[in-house]
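# A closer look at the structure
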Amino acid sequence: MCCGSPGSWSWLVSPKAVPEVKCKWLLPEVVLTTTCLFPEAATKRARATRRSLLHFPYGDGCGETLDIYFPEGVSEAWPFCVFLHGGYWQSGSKDTSAFMVNPLTAQGVAVVIVAYDIAPKGTLDQMVDQVTRSIVFVQKLYPCNQWVSLQVFLSSGNAGLGEQGIYLCGHSAGAHLAAMMLLANWTNHGVTPNLKGLFLVSGIYDLEPIVHTSHNAPLLMTLEDAQRDSPQWHLGATLTQPADPTCRVLVILGQHDSPEFHRQSREFYQMILKTIFQEF
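The shown structure was predicted, so the numbers you read here are calculated from the model rather than taken from an experiment.

Sheet architecture is open: 7 strands sit in the order β1-β2-β4-β3-β5-β6-β7, paired in mixed fashion. Of all strands in the sheet, those with a lone pairing partner are β1 (52-57) and β7 (248-252), marking the two edges. Strand-to-strand twist of the sheet, defined as the mean angle between neighbouring strand axes without regard to direction, takes the value 15 degrees. Sheet topology places strand β5 (residues 165-171) next to strand β6 (residues 195-201); 6 bridges connect them, and they run parallel. Bridging from a neighbouring strand, G170 pairs with L200 of β6. On the sheet, helix α1 (residues 39-49) packs against β1 and β2 (65-69) and is oriented at approximately 65 degrees with respect to β2.

Okay, the pairing of β2 next. For β2, the tally of buried residues reaches 5 of 5 residues, placing the bulk of the element in the interior. Residues of β2 alternate between two faces, with T65, D67 and Y69 on one and L66 and I68 on the opposite face, all of them buried. In terms of strand pairing, β2 meets strand β4 (residues 110-114) through 4 bridges, oriented antiparallel. Across the sheet, I68 pairs through a bridge with V112, a residue of β4.

It is worth spelling out the pairing of β6 at this point. Counting buried residues in β6 gives 6 out of 7 residues, a clear majority hidden from the surface. The β-α-β motif built from β5, the intervening helix α5 (residues 173-180) and the parallel element β6 has right-handed crossover chirality. Two elements, β6 and β7, share 5 bridges in a ladder whose sense is parallel. The residue of β7 that forms the bridge with G197 is R248.

Reading the values: the criteria
- Residues numbered from 1 in each chain as written.
- Predicted model: local features only at pLDDT ≥ 70, side-chain atom pairs only at ≥ 80, totals over all residues.
- Heavy atoms only, no water.
- Pairing = 2+ DSSP bridges.
- Helix = DSSP H or I, 4+ residues; strand = E, 2+ residues; numbered from the N terminus.
- Axes fitted to C-alpha atoms, helices over the stretch in contact; angles between N-to-C directions.
- Contact = heavy atoms within 4.5 Å.
- Buried < 20%, exposed > 50% of the residue type's maximum accessible area, 1.4 Å probe, protein only.
- Right-handed = clockwise from strand over helix to strand, strands pointing away.

None of the figures reported here should be taken as evidence of function without further support.
Here you go:
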């Protein structure tokens, strides 16, 4: 990330220690040991070595496409990791974001990299809508990954059903967009995605502090926009939650993220415990 206005968003400030938070959920038997410093090279390698569907449209807009990378073998019921790239909603691309594809597909996980219209072309509301529709698209495209009740799960002998589903991962702005999916009204789309877990990496969950920084120049975000699209503001008021009660949310941040990122991750984690998981 680039450095914004001086203050708490600056990456040059040494972060304060943040209390350790317990790990809510981890994808079974998957270890992300990737070379994230070279995302373009990793993406080229993934496209050259993995079976894939590239630039697959999930909507009518020219920017509404996604890439799907498949494990070996034939199935429509793999676990799916859906990744949303970061870049302060104004940079980044799915075409340089497939760095996790090779290790995940080697473990039998299908990977979906989603494109969305970044600013100034896209607004925050449009990005949230695009991500929502991309997840609905993946669920409809692979209906075998549908949510099943606890009774069906137990009666099946657990044959693979524990791993099926969608695991949503986002970094920075992508973590914000992923977190907004906790507020989605899926009934409007005719399907409830089988969300099994969320990885939220160095996310921004309260957008109001960004309104008066240089990061807002291409976004043109008003205070009203920031409040409407801040999951931290609305999570306590929502009546929706993931259909699967075992869905877990992992809030992650970097050791050298700025104090503002540490604060937001900590407060969003605490809000999750108070609301949809009601453990705090």
